[in-house]
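Residue-level structure breakdown
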There are 2 protein chains.
Amino acid sequence: MSNESTTQEQEQNGDAERTSEQLVELAKRRGYFFQSSGAYGGVGGFYTFGPQGASLKSNVEDAWRDRFALEEGNMEIDAPTIMPEPVFEASGHLEGFDDMLVECSECGESHRADHIVEDNTDFEDAESLPIPEVEEVIAEHELVCPSCGAGLAGEAVEAFNLMFATNIGPGDSQPGYLRPETAQGIFVEFPRLKEYARNTLPFGVTQIGRAYRNEISPRRSIIRTREFTQAELEYFIDPEEDEPDLSAVEDVGVRLYPVTEQNAEDGNEIETTIGDAVAKGVITDPWVAYFLGIAQEWYDSIGVDMDRFRFRQHLSGERAHYASDCWDAESEIDRNWIEIAGFAHRGDYDLSKHAEHSGDRFTIFKQYDEPKTVERATVDPDMSYLGPEFGGDAQAVVEELEALAGRDRSAFDDEPVEIELEGESHEIPVEKTGFAVEEQTEAGEHVVPNVIEPSFGVDRVVYTVLHHAYREDEVAGEERTYLELEPEVAPTFAGVFPLQNDDELEAQADDIASELREAGLSATYDDSGNIGRRYRRQDEVGTPFCVTVDYETIENEETTVTVRERDSTDQKRLPVDGLAETLVALREGNVAFSELEGE
Amino acid sequence: MSNESTTQEQEQNGDAERTSEQLVELAKRRGYFFQSSGAYGGVGGFYTFGPQGASLKSNVEDAWRDRFALEEGNMEIDAPTIMPEPVFEASGHLEGFDDMLVECSECGESHRADHIVEDNTDFEDAESLPIPEVEEVIAEHELVCPSCGAGLAGEAVEAFNLMFATNIGPGDSQPGYLRPETAQGIFVEFPRLKEYARNTLPFGVTQIGRAYRNEISPRRSIIRTREFTQAELEYFIDPEEDEPDLSAVEDVGVRLYPVTEQNAEDGNEIETTIGDAVAKGVITDPWVAYFLGIAQEWYDSIGVDMDRFRFRQHLSGERAHYASDCWDAESEIDRNWIEIAGFAHRGDYDLSKHAEHSGDRFTIFKQYDEPKTVERATVDPDMSYLGPEFGGDAQAVVEELEALAGRDRSAFDDEPVEIELEGESHEIPVEKTGFAVEEQTEAGEHVVPNVIEPSFGVDRVVYTVLHHAYREDEVAGEERTYLELEPEVAPTFAGVFPLQNDDELEAQADDIASELREAGLSATYDDSGNIGRRYRRQDEVGTPFCVTVDYETIENEETTVTVRERDSTDQKRLPVDGLAETLVALREGNVAFSELEGE
């Protein structure tokens, strides 16, 4: 269950805040994202990705799929977002997926009680306090409503379930919920998915899709929304046998912020490698370490600023009781650390819970190298004795005898055997129980797999990538804003312009745009407004290169165009012949723009 | 509002039914799709796409995006699936998006009353009957519950709203609904989207995403589900100026089933071309014709059997009142025609409704070629007269005078001017109204765009593609099942196998799989089970080619492999050198397998 806020979140301030403000304004103006249903005043926590944002988000998802599904050989599924109640009874979400709600009786606004406490007292992890204590703290500190300033002492704090509820079919006989994480769509289907994996561990299943949390106070643009996209991998392992290939990631450098450092008064982040961190026990689980290593490289590849990125270990209060080790990926946004992914060893919690609640089998049959012979105690009760003796309870007696044989075979050493049935003690002669110890040959055993879960918040990654790419500089005395996006995720790789409105220039530019597209580059043709305005537009959406067709292009013997690099604003004349190859080389990083020959 | 059932749907029967049964079984076994939450008994109308299905679905979506967004130059957005109530008040879904529900008081099952009527009487379009009439028909015909056989006469038929309802935030003060179509996420954002289109018509906006309908009786696997994926294009045009480029589609052959033929006793489908159909007025709207032409070619390209495909015009009773022309794409599944897309000219209905309900501007400002001078009647009432005379009603009088000047300037020819206010007549001296007729220069006008909507049901396309690809034949005396999927949408293009478990064979096969992937082909490595079983597995998931590495591969001077074609099961030995290029050529259709040189 990732995507939650951390106690590290602090209020924004000063200059840092400005970047987010500017970014949100640019995002709206240029089609990255904006609050939905603005014509109706908007609704907190719902955002629409415009053309640029939808493309960036889709590129981030594709990059994630390439790395975490295809390259790792995991399978991807696509499950519904509405799931029936029994799923969430089993997963624990129905009972425990709550936030603390306090409603101001003065202005009617709802707030998170734990946030009010954390923002105004020394408590750092108010979420872990019991509700009565939170009410006491509010009263003692005379805390007030952040909206209207009225005192909140005496207001009831309630547990508010964050799942969106609905009804499936007519009436209310079948409650359903919008999934609060994509993971459950994988866990519940384990009995079938294991077949696709040919009943062999380890295997991984990914899903990229919507998840929903009815946040009490959604905030910070697309960082904390009520509807968001997750990319999750559930990796199923045999806890006794499977080991990750740590050699693939041992040299990856990471910045870690382990519990020990968080608890130390002068604690600091540690710069280390995955290999060292495992060797020194900083990361206790090798599977978690493996995925941290892969994630580090992946975030780097899509343009997260590695100077504003770290992995933070969960404090014991934050960690789910079943999770043996848990780390968050965090990015720095306006001097605050924001959780953008969670990496947890979930043990066998999820599969065991679904097995228990559904009665279905959530195990893998593991064949022994050689069949094993084991002793097993069995009973074969004499029903002609039990029937008359116990009447309607005879079947219950049989079941109790079977259970006793499995539990404590020494009980059959006594004569008579004593059993308990609904609190009452009964005696049965040993000979009537048919007790025996038999040798059985077993080909294997049913193993409940453990789960390692890397869980990514896609919207938060998108926000981080945009925020870390946001730049302001001055070009020829004019202020300029641009996004230094990585070519892999930028919505457009090249803008192609005719210098002026002229049929010949336009036709040539159109041809070039088509050629670039055929070479697999996303290219946009634009002939609207003066050339400076078109450059500024592409700078603001983060297009790495612009190609301009001018009169020199069509008049000279060798057809050439002007290519402009976004970050340096340098321009070079390059031949049209081979242009696509040159741009592909720039995209792949095989050549730098400054190294290109050209005027 | 597409994806509805048609009156053409009939019960399945005989042989035809068998294909669907076999397909659904194969889909479950091979990871295409299966009912969700099976461990908890499943819930009607919710399906999970397994690894193969998720891949096929994603390939279909990509193919749609290529054709309807990228190639057409339309922009794609990504909006939330939960939307607030005012959106659906405006769209009409809150009031009118109902099905007729009848509940059996004997067994408690809910049914669609109109389906019961259609299935058991001569009524063909019971959905268009008023509810009391449906109740009468049920009583008169003594119709019974399809589940338990109890009589339904006397049971109340109710209008059941198909939207899934939920609450946004704590309490129930802000109702929200899961969108019943992706379209509303585009319409409500028109005021912003038009900015991204630089306020110029025509432009199109696409969205691929989840939509939800709380069907009373979901049925037929992924054909009628409660949660599904739509791919919709909303194309905004200036109704007075914009014309489609029909030359691009005029020669496209189509099979049409127009209203006239549906109503004629011996009516038939017509084989024609888009150009002819427009010329003869069979398709009345040229924009609808344009998109039918594109859709025809697109369906063909992804593997829909064109002998089992047609466009059917909506009968007047089916058509929404605002839609001037509406056609469905239909595919034949088990001898039934299933709607898989809808193409509607929606006029200005959607934008006008949202303008009216939100008070926001859903128009495009259209500049005139030259500014126009128009006469406009204005008033400038004398408040020093109106104030004392009308007191608190003075402002209302001003507004009524303004309205009157716009409506009927001749009213100001009389002395005094008569106005009506809340049913009462009042007289005002003309001189006190400040009436004047002025010449004004206008640069342009605010136009409400019309909308053409091609709306595709992705799940139904996936089902059709699978159903039309399903084949059974006999190979070497053994029955074989395979899917003749188009390479563009097949989850895997090539299976790569080592003939036996042997390190050298395995390494070579692994290398070849990597090479194919680098060439942009999706390749699967498989070394489990005997080679015949691996072929059958790939046949059943529809993999067009299999590559087998054997001892000849590694022993001979020229490295060669066996390549097997799925449909013919023919095999050829081909050199590894150039294999990727050969397979790419096969994929693109530049060469046929039978033409390849090889042993």
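Calculation criteria
Residues numbered from 1 in each chain as written. Chains lettered and ligands numbered in written order. Predicted model: local features only at pLDDT ≥ 70, side-chain atom pairs only at ≥ 80, totals over all residues. Heavy atoms only, no water. Helix = DSSP H or I, 4+ residues; strand = E, 2+ residues; numbered from the N terminus. Buried < 20%, exposed > 50% of the residue type's maximum accessible area, 1.4 Å probe, protein only. Contact = heavy atoms within 4.5 Å. Areas by Shrake-Rupley, 256 points an atom, 1.4 Å probe, with all protein chains shown as cover. Lys, Arg positive; Asp, Glu negative; His and termini not counted. Charge placed at Lys NZ, Arg CZ, Asp CG, Glu CD. Salt bridge = Lys/Arg side-chain N within 4 Å of Asp/Glu carboxyl O. Pairing = 2+ DSSP bridges. Axes fitted to C-alpha atoms, helices over the stretch in contact; angles between N-to-C directions. Buried area = accessible area lost by both parts, 1.4 Å probe. Polar contact = N/O pair within 3.5 Å; in protein donor to acceptor, adjacent residues only side chain to side chain. Nonpolar A, V, L, I, M, F, W, Y, C, P; charged D, E, K, R; others polar. Least-squares fit on C-alpha atoms with pLDDT ≥ 70 in both. pLDDT = per-residue confidence, 0-100. Domains from an automatic or database assignment. Patch = residues over 30% accessible without salt bridge, like charges linked within 9 Å, V, L, I, M, F, W, Y side chains within 5 Å. Expected span 1.5 Å × (residues − 1). Parallel < 35°, antiparallel > 145°, perpendicular 65-115°, else oblique. Disulfide = S-S within 2.5 Å.

Now for the overall build of chain A. Within chain A, the secondary structure is distributed over 20 helices and 28 strands. Here chain A holds 599 residues, and 54% of them are scored as buried. Long-range pairs, those at least 24 residues apart, make up 67% of the contacts in chain A with a sequence separation of at least 6. Of the roughly 25,800 Å² of accessible surface on chain A, a fraction of 40% belongs to carbon and sulfur atoms. The positive charge centre, built from 47 side chains, and the negative charge centre, built from 134, are 6 Å apart in chain A.

The final tally for this structure, using the stated rule, is 80 salt bridges over all chains. Between lysine 366 of chain A and aspartate 238 of chain A there is a salt bridge whose closest N-O contact spans 2.8 Å. Of this pair, lysine 366 of chain A sits in strand β17 (residues 364-378) while aspartate 238 of chain A is found in the loop between β11 (227-237) and β12 (253-257), placing the two residues 128 residues apart along the sequence. In this structure, arginine 18 of chain B and glutamate 472 of chain B form a salt bridge, with 3.5 Å as the shortest nitrogen-oxygen distance. Of this pair, arginine 18 of chain B sits in helix α1 (residues 14-30) while glutamate 472 of chain B is found in strand β22 (residues 470-475), placing the two residues 454 residues apart along the sequence. On the basis of relative accessibility, which here comes to 41%, the residue arginine 18 of chain B falls in the partly exposed class. Relative accessible area serves as the criterion here: at 39%, glutamate 472 of chain B is assigned to the partly exposed category. Each member of the salt-bridge network shares a partner with another, and the members are Arg255, Glu269, Glu271, Arg310, Arg312, Asp328 and Glu330 of chain A.

For the rest of this paragraph, the subject is the sheet that holds strand β8 (residues 165-167) of chain B. Residues and elements named next belong to chain B. Strands sit in the order β4-β9-β8 across an open sheet of 3 strands; the sheet is antiparallel. Strands at the two margins of the open sheet, each flanked by one partner only, are β4 (82-84) and β8. Within the sheet, the average angular offset between the axes of one strand and its neighbour, ignoring direction, is 40 degrees. Note: β8 against strand β9 (residues 175-178), 3 bridges, orientation antiparallel. Counterpart to threonine 166 in the pairing with β9 is glycine 176.

The subject of this paragraph is the sheet that holds strand β12 (residues 253-257) of chain B. Residues and elements named next belong to chain B. Taking strand neighbours across the sheet as the criterion, the 9 strands line up as β3-β10-β11-β21-β16-β15-β14-β12-β13 in an open arrangement whose pairing is mixed. Of all strands in the sheet, those with a lone pairing partner are β3 (75-76) and β13 (270-273), marking the two edges. When strand β10 (residues 203-212) meets strand β11 (residues 227-237), the two strands line up antiparallel, connected through 10 bridges. Within β11, the residue paired with valine 205 across the bridge is glutamate 234. Lying on the sheet, helix α2 (residues 51-70) is in contact with β3, β10, β11 and β21 (450-457); it crosses β10 at an angle near 160 degrees.

Attention now goes to the interface of chain A and chain B. Facing the 64 residues of chain A at the interface are 64 residues of chain B. Where chain A abuts chain B, roughly 5,100 Å² becomes buried across the two surfaces, and 59% of that area is made up of carbon and sulfur atoms. Counting every contact that joins chain A to chain B gives 6 salt bridges. Close ionic contact of aspartate 526 of chain B with arginine 198 of chain A constitutes a salt bridge, the shortest N to O distance being 3.0 Å. Our count for the chain A to chain B interface comes out at 33 residue pairs in polar contact (both at pLDDT 80 or more). The dominant element in the side of chain A that touches chain B, judged by the number of residues it contributes, is helix α1 (residues 14-30) of chain A, at 4 residues. Taken together, the residues of the side of chain A that touches chain B break down into 32 nonpolar, 17 polar and 15 charged.

The subject of this paragraph is the relation of the copies chain A and chain B. Placing chain A over chain B gives an RMSD of 0.1 Å and needs a rotation angle of 180 degrees, together with 0.0 Å of translation along the axis. Considering both components of the superposition, the chain copies are consistent with a two-fold axis. Considering only C-alpha atoms, the residue of chain A closest to the rotation axis is threonine 166 of chain A, which sits at 2.6 Å. Most of the interface of chain A is mirrored in chain B, where 100% of its interface residues are also at the interface.

All names here are of chain A. Here chain A shows a mean pLDDT of 92. Residues at 70 or above account for 97%. Taken together, the stretch residues 1-14 has pLDDT below 50 and engages in 56 contacts with residues farther than four places along the chain or on a different chain. Per the prediction output, this complex has pTM 0.89; the corresponding ipTM is 0.88.

It is worth spelling out the domain arrangement of chain A at this point. Domain assignment breaks chain A into domain 1 (98-161), domain 2 (368-444) and domain 3 (492-595). Taking the mean C-alpha position of each, domain 1 of chain A and domain 2 of chain A sit 56 Å from one another.

This next bit is on a negative patch on the surface. Residue and element names in this part refer to chain A. Residues Asp408, Asp413, Asp414, Glu415, Glu418, Glu420 and Glu427 make up a contiguous surface patch of negative charge. In this fold, aspartate 408 is placed in the loop between α14 (394-407) and β18 (417-421). Note on aspartate 408: relative accessible area 32%, which makes it partly exposed.

What follows deals with the side chain of aspartate 350 of chain B. Residues and elements named next belong to chain B. Along the chain, aspartate 350 turns up in helix α12 (residues 349-358). One polar contact links aspartate 350 to arginine 346, side chain to side chain, over a distance of 2.6 Å. Beyond its immediate sequence surroundings of up to four residues, aspartate 350 is in contact with Gln184 and Phe187.

As a further point, take the pairing of β12 of chain B. All names here are of chain B. Of all 5 residues in β12, 4 are buried; the element is thus mostly enclosed. Taken together, the 4 bridges between β12 and β13 define a ladder with antiparallel strand orientation. Its bridge partner lying in β13, glycine 253 is registered against threonine 273.

A separate point is α2 of chain B. With 20 residues, α2 of chain B should reach 28 Å at 1.5 Å per residue; the first-to-last C-alpha distance of 26 Å fits that figure. In terms of burial, α2 of chain B is largely enclosed, as 14 of its 20 residues are buried.

Another point: unusual backbone geometry. Each neighbour pair has its own omega, and for glutamate 415 of chain A with proline 416 of chain A the value is -5 degrees, a cis peptide bond. Tracing the chain through its elements places proline 416 of chain A in the loop between α14 and β18. With an omega of -10 degrees, the peptide bond running from leucine 201 of chain B to proline 202 of chain B counts as cis. By the element assignment, proline 202 of chain B lies in the loop between α8 (190-196) and β10. The phi torsion at serine 37 of chain B lies on the positive side, around 55 degrees, for a residue other than glycine. Structurally, serine 37 of chain B can be placed in the loop between β1 (33-35) and β2 (47-49). Notably, alanine 476 of chain B is not glycine yet its phi reads approximately 50 degrees, a positive angle. By the element assignment, alanine 476 of chain B lies in the loop between β22 and β23 (478-483). For alanine 476 of chain B, a relative accessible area of 82% puts it in the exposed group.

All names here are of chain B. With respect to the helices, strands and loops of the structure, glutamate 422 is situated in the loop between β18 (417-421) and β19 (424-428). Its relative accessible area of 81% is what places glutamate 422 among the exposed residues. Along the backbone, glutamate 422 and alanine 436 are 14 residues apart, and their C-alpha atoms lie at a distance of 26 Å.

Let us look at the pairing of strand β23 (residues 478-483) of chain A. Residue and element names in this part refer to chain A. Judged from the 6 bridges that link them, strand β22 (residues 470-475) and β23 form a sheet pairing that is antiparallel. For aspartate 473, the partnering residue across the bridge sits in β23 and is arginine 480. Between β22 and β23, which pair antiparallel one after the other, the connecting turn spans 2 residues, and alanine 476 there sits at a positive phi close to 50 degrees.

Looking now at the packing of helix α13 (residues 383-390) of chain A against α14 of chain A. All names here are of chain A. Running from N to C, α13 and α14 cross one another at 125 degrees; their axes reach a closest spacing of 8 Å. In this view, α13 runs oblique relative to α14, as classed from their interaxial angle. Across the interface between the two elements, Met383, Leu386, Gly387 and Phe390 of α13 pack against Ala394, Val397 and Val398 of α14. Taken together, the residues of the contact of α13 with α14 sort by class into 6 nonpolar, 1 polar and no charged.

Before going further, it helps to spend a moment on the state of the cysteines. Residues and elements named next belong to chain A. Considering all chains together, one arrives at 0 disulfides over all chains under this definition. Free cysteine cysteine 104: the closest other cysteine sulfur is in cysteine 148, separated by 3.6 Å. Owing to a relative accessible area of 1%, cysteine 104 belongs among the buried residues under this scheme.

Attention now goes to the environment of glutamate 439 of chain B. All names here are of chain B. For glutamate 439, the position within the fold is in strand β20 (residues 436-447). Taking relative accessible area as the criterion, glutamate 439 reaches 62% and is therefore assigned exposed. Through-space distance from the C-alpha of glutamate 439 to that of arginine 376 is 6.2 Å; in sequence the pair is 63 residues apart. Apart from the residues lying within four places of it in its own chain, the contact partners of glutamate 439 are Thr373, Val374 and Glu375.

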